[in-house]
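Geometric and topological summary
Letter by letter, the chains look like this.
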There are 2 protein chains.
Amino acid sequence: MTEDKGVEWRIKVEDGPWKTAVTCCSIWEFIANRYSKLCKFIKKIWMIGVNDPRKFIHCLKVGMALTIVTLFYYLKPLYNGVGGNAIWAVMTVVVALEYTAGATIYKSINRICGTIVAGLLAFSVHWVANKAGEQFEIVIVGAALFILASAATFSRFIPTVKARFDYGAMIFILTFSLVAVSGYRIDEVFPLAIQRISTVIIGTSLCIIISITICPVWAGLELYVLVIGNLDKLANSLQGCVDQYFEAQTANEESNKKLMGYKCVLNSKASEDSMANLARWEPAHGNFHFRHPWKQYLKIGATMRRCAACIDALVGCIHSENKKSDDMKKLMSTISIKVGAKSASVLSELAITIKNMTKSNKLEILVTEMNNAAEELHNILKSYPNINNKNEASPEAAKIEIPMMEIIQVGTVVSLIIEIVARVEDIVKGVEELSDLAKFKSTKGMSHKSKQNSTDIKISFNDQQKDEEATIKILQMTHNNQRT
Amino acid sequence: MTEDKGVEWRIKVEDGPWKTAVTCCSIWEFIANRYSKLCKFIKKIWMIGVNDPRKFIHCLKVGMALTIVTLFYYLKPLYNGVGGNAIWAVMTVVVALEYTAGATIYKSINRICGTIVAGLLAFSVHWVANKAGEQFEIVIVGAALFILASAATFSRFIPTVKARFDYGAMIFILTFSLVAVSGYRIDEVFPLAIQRISTVIIGTSLCIIISITICPVWAGLELYVLVIGNLDKLANSLQGCVDQYFEAQTANEESNKKLMGYKCVLNSKASEDSMANLARWEPAHGNFHFRHPWKQYLKIGATMRRCAACIDALVGCIHSENKKSDDMKKLMSTISIKVGAKSASVLSELAITIKNMTKSNKLEILVTEMNNAAEELHNILKSYPNINNKNEASPEAAKIEIPMMEIIQVGTVVSLIIEIVARVEDIVKGVEELSDLAKFKSTKGMSHKSKQNSTDIKISFNDQQKDEEATIKILQMTHNNQRT
């Protein structure tokens, strides 16, 4: 109905009825276009939450925490206890309740420490200023504020402070200015400082309790899942890449997506860093004790990125070559595919090792097999002219001259595969260090269980949605494992 | 003196005087050790500021802004004007005055918008709740708080909102809770909302004025300098790497450091992203107009990282090979070094192009030369067996069998160099797009000036300190250029 009316609405333009009709059409097209875009956008937003319901839960947690904290206002006895400063509790909840438990604890502890230190300092400054007499009061408070604010701001440039106490330094400046300045107006500065500290403690306690007890999102666990996922992505990329080149597998959309998994590995430095930084604030949870060696995951991440860089070069070399198959490629094919598969299975085994937090009894064998296969490949490469020279006896004497570009192309791919094997070994070392530092269990009859798990937590990295589903699946599995 | 006394202080232990002396010694050693560590730490911190004096200046700016804002408290007329809510101005200055102008503007605008929207909404909710009667008031305010806080928290998970309005969403929740909740206590909610908004505007204006006028640190300029520096690092790494392999240059500490410059390129994604994000909030400054295509720098950064990944693979292959020189390497040496030098000069020319914001008239020639050199290298590689086969006529008939591993090793290095050339071309495309988007000037008699600049801003990437000095030098040069 409205649509019909809309079509009749016309703009008078000089070019006559044709253009009018076109304008109407395009307006409707424009609206329809916008509407469909809006629908898509809303659906996309909705899928963010559907793919990871923990995000929905986090929103409800924030709403709940805020509603609880406003009780301090609504319930009169509580209000009289803490006074008008209950506003700080509200503010604390808004600012400190973060998505991960680690971030919440980091902000809470920083907020409490910053507030206490600044409160005490502001109190001392106020006391000194009071003793000095009214004419010096402003000068002393002002100078202290200037010096301390500048010093605290500078401390935020120091890398170690930035990593651990950046928020605390900001809260220090904030509290110090507020208490020092309010102290000039409000005669009783001590109760103000105490009230602010107590409301901040109430707010942060509420945040920490909510973030730890209700569907907690552990930064450590996220890091752990990210590293496991990246190992699997690397394995898929490596195998897919080698298989596609040696034509063991035809390229289709799905395999191409798998192949591109290494790009996620290359780009995950920032999230790894921030999560490792937050994870150290978290208490023991699940299989992770308090001082779990989170930094080791960063080292593993760095070795993975080196491996991914090499895969990137390999993909580049593969795409740049002209696509005629040759004898040498066929000759190298079987063993190269074997090396690719062996390295991929080493990477998968590393993922399983971390997943089960159990030292693998297969890993050593797999690494040896991978190295043997790489050695074999190396030897075939070395002896290639000899193999080729045998053809001299054959009637096709013209074939003696080796087609150099083909040798170089295949040789480059093979050299890169061998280099990748060396870098996979670095990852193995990193994971072994982790298994020592984190005291992974040794395998005793675990092989059955690990096998079962590895099939259960089989991750399919087809697209982002499935990827996120897989993450949640791992998380659920990990939680179940922790319970049993 | 104190030292003497300290030595005489003894702990009685069962093992007699020997152990006592040792304990004293080790305590002194411990203290001396700690003291020297502390000194080193303090020196390190001091050097952070000395290497980049803008950090010192930023601290003074924060101190100054806070001192100015406290005038609202100290000066009675102003105090009476804005009332006790002047506390929000202090808080705004502490929170919104960031190191870069972009971050300050981002936070200020987000804070103002978040506060206004939340203030108006809270006012409406309060009005509705008032009309509904006292028994529903708590329920309506509580429900509105829960729903809006949850929704605003969820919006922070949407990538586009996260990138641009993350802080605004937080301030929205904060202001809404404070005004809605205070509204229940303080009967006049409208003046409260207005006061909060006006103090926030005063605070943010002060922040923006200070961050833009006093030694401004532009996020855009930082990004620009980072990209230029990374191009130079890439050029140095590439040339150093090729030169070292083909023994045109002996490896020493300095050249090794230069060679490792590509690692900075690999790790600079996070800072590039955040700076590009902040740069879009900045007004026109220097040669950058308001809608300068900052996103294009991210694209250039991505192509640079692809190039750096390939250099990483090249470095890996070079280090893994056995170090005997061979005929093939000697044969390839001259032309490979030429390709390395040409690609490096293309990268340097790109850096100069961006530095002068002037389309280079040499770039096309350099790219052609690079491609020709690469083509020549390719041809030598192709014709290598023929060259080698000529030796058949020579008396050393044993040499006919080509040492395969050497061919493969040199071939791999050469293939990677050719792949790097292809990736350098991608960078060239990115920079050309930038020069179109940002409307770089064409060269008309600019070649002299550009030459002069390029020698002036010669950057030596020996170590971090010099690196930072160089950055500041570029910044100074850029500012000077802008003035003239």
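Residues numbered from 1 in each chain as written. Chains lettered and ligands numbered in written order. Predicted model: local features only at pLDDT ≥ 70, side-chain atom pairs only at ≥ 80, totals over all residues. Heavy atoms only, no water.

Chain A is annotated in an unreviewed UniProt entry as Aluminum-activated malate transporter 10 isoform X1 from Cicer arietinum. Word for word, the UniProt comment on chain A under Subcellular location (unreviewed entry) is "Membrane". Within the UniProt record for chain A, the comment given under Sequence similarities (unreviewed entry) is "Belongs to the aromatic acid exporter (TC 2.A.85) family." (UniProt positions renumbered as here; feature names shortened; annotations may be inferred.)

**Observations regarding the relation of the copies chain B and chain A**
The two copies are related by a screw motion: chain B maps onto chain A through a turn of 180° and a shift of 0.0 Å along the axis, at an RMSD of 0.0 Å. A rotation of that kind, with that shift, is consistent with a two-fold axis. With an isologous cut-off of 70% or more, the 100% of interface residues of chain B that recur at the interface of chain A puts this contact in the isologous class. (Least-squares fit on C-alpha atoms with pLDDT ≥ 70 in both. Contact = heavy atoms within 4.5 Å.)

**A closer look at the interface of chain B and chain A**
Opposite the 79 residues of chain B that make contact, chain A presents 79 residues. Between chain B and chain A lies a buried interface of about 7,000 Å² when both sides are counted; carbon and sulfur atoms form 77% of it. Scanning the region where chain B abuts chain A turns up 4 salt bridges. As a salt-bridge pair, B:Arg423 and A:Asp312 come within 2.8 Å of each other at their nearest N and O atoms. Along the contact surface separating chain B from chain A lie 8 residue pairs in polar contact (both at pLDDT 80 or more). Take the side of chain B that touches chain A: its biggest share by element is 11 residues, from helix H9 (residues 159-185) of chain B. (Buried area = accessible area lost by both parts, 1.4 Å probe. Salt bridge = Lys/Arg side-chain N within 4 Å of Asp/Glu carboxyl O. Polar contact = N/O pair within 3.5 Å; in protein donor to acceptor, adjacent residues only side chain to side chain. Helix = DSSP H or I, 4+ residues; strand = E, 2+ residues; numbered from the N terminus.)

**What to know about the UniProt feature "transmembrane region" (unreviewed entry) in chain A**
All names here are of chain A. The positions that UniProt labels "transmembrane region" (unreviewed entry) are, in the present scheme, residues 56-75, 87-105, 112-129, 135-155, 167-186 and 198-227. This span, residues 112-129, is 100% helix and 0% strand, and a straight line between its end C-alpha atoms measures 25 Å. In residues 135-155, helix accounts for 100% and strand for 0%; the two terminal C-alpha atoms are 32 Å from one another.

**Focus: the state of the cysteines**
A covalent bond between the sulfur atoms of two cysteines is what we call a disulfide. A complete count under the given rule lists 0 disulfides over all chains for this structure. The closest cysteine sulfur to the non-disulfide-bonded A:Cys317 is located on B:Cys310, 6.0 Å from its own sulfur. Given a relative accessible area of 9%, A:Cys317 falls into the buried group. Looking at the unpaired B:Cys59, the closest cysteine sulfur is the one in B:Cys215, lying at 13 Å. For B:Cys59, a relative accessible area of 3% translates into the label buried. (Disulfide = S-S within 2.5 Å. Buried < 20%, exposed > 50% of the residue type's maximum accessible area, 1.4 Å probe, protein only.)

**Topic: the pattern of salt bridges**
Here the structure, examined in full by the defined rule, presents 31 salt bridges over all chains. Between B:Arg54 and B:Glu222 there is a salt bridge, and its shortest N-O distance comes to 2.6 Å. Of this pair, B:Arg54 sits in helix H3 (residues 53-69) while B:Glu222 is found in helix H11 (residues 219-245), placing the two residues 168 residues apart along the sequence. Among the ionic pairs, B:Arg423 bridges to B:Glu419, the shortest N-O distance being 2.9 Å. Of this pair, B:Arg423 and B:Glu419 both sit in helix H18 (residues 404-437), 4 residues apart, which is roughly one turn of that helix. Of the two residues, B:Arg423 and B:Glu419, both sit in the buried class. Linked through salt bridges whose partners overlap, the residues forming this network are A:Arg306, A:Glu419, A:Arg423 and B:Asp312.

**Quick word on the confidence of the model for chain A**
Residues and elements named next belong to chain A. Chain-level pLDDT for chain A is 78 on average; 76% of the residues reach the 70-or-more range. Ranking the elements of chain A by mean pLDDT puts helix H1 (residues 2-8) last, at 40, and helix H14 (residues 269-279) first, at 91. Taken as a whole, residues 445-468 scores under 50 in pLDDT and shows 30 contacts with residues more than four places along the chain or in a different chain. For residues 478-484, every residue scores under 50 in pLDDT, and the model assigns this stretch 7 contacts once sequence neighbours within four places are set aside. At the level of chain-chain contacts, confidence expressed as ipTM amounts to 0.79, with global pTM at 0.81. (pLDDT = per-residue confidence, 0-100.)

**With respect to the nonpolar core**
Formed by 146 residues in total, the largest nonpolar core has its most connected members in A:Leu234, A:Ile427, B:Leu234 and B:Ile427. Setting aside residues up to four positions removed in sequence, B:Ile427 forms contacts with B:Leu231, B:Leu234, B:Ile300, B:Thr303, B:Met304, B:Cys307, B:Leu347 and B:Leu350. Residues A:Val69, A:Leu145, A:Ile173 and B:Val141 belong to the second largest nonpolar core, which totals 85 residues. (Core = buried A, V, L, I, M, F, W, Y, C linked by side-chain atoms within 4.5 Å.)

**Here's the deal with the packing of helix H6 (residues 86-96) of chain A against helix H7 (residues 101-132) of chain A**
When two helices pack together, their arrangement is given by the angle between the helix axes and by the axis-to-axis distance. All names here are of chain A. Interhelical geometry of H6 versus H7 gives an angle of 140° and a closest axis separation of 9 Å. Across the interface between the two elements, Met-91, Thr-92, Val-95 and Ala-96 of H6 pack against Thr-104, Lys-107, Ser-108 and Arg-111 of H7. Residues belonging to the contact of H6 with H7 are distributed by class as follows: 3 nonpolar, 3 polar and 2 charged. (Axes fitted to C-alpha atoms, helices over the stretch in contact; angles between N-to-C directions. Nonpolar A, V, L, I, M, F, W, Y, C, P; charged D, E, K, R; others polar.)

**Brief notes about the domain arrangement of chain A**
Quite often, the size of an interface is put as the accessible area lost when its parts meet. Residues and elements named next belong to chain A. Domain boundaries in chain A define domain 1 (53-213) and domain 2 (219-386 + 405-442). Contacts between the two partners involve 13 residues from domain 1 and, on the opposite side, 8 residues from domain 2. When domain 1 packs against domain 2, the two sides together hide about 890 Å² of surface, and 65% of this comes from carbon and sulfur. There are 1 salt bridge connecting domain 1 and domain 2. In terms of residue count, the dominant contributor to the side of domain 1 that touches domain 2 is H7 (7 residues). Here the side of domain 1 that touches domain 2 is composed, by residue class, of 8 nonpolar, 3 polar and 2 charged. (Domains from an automatic or database assignment.)

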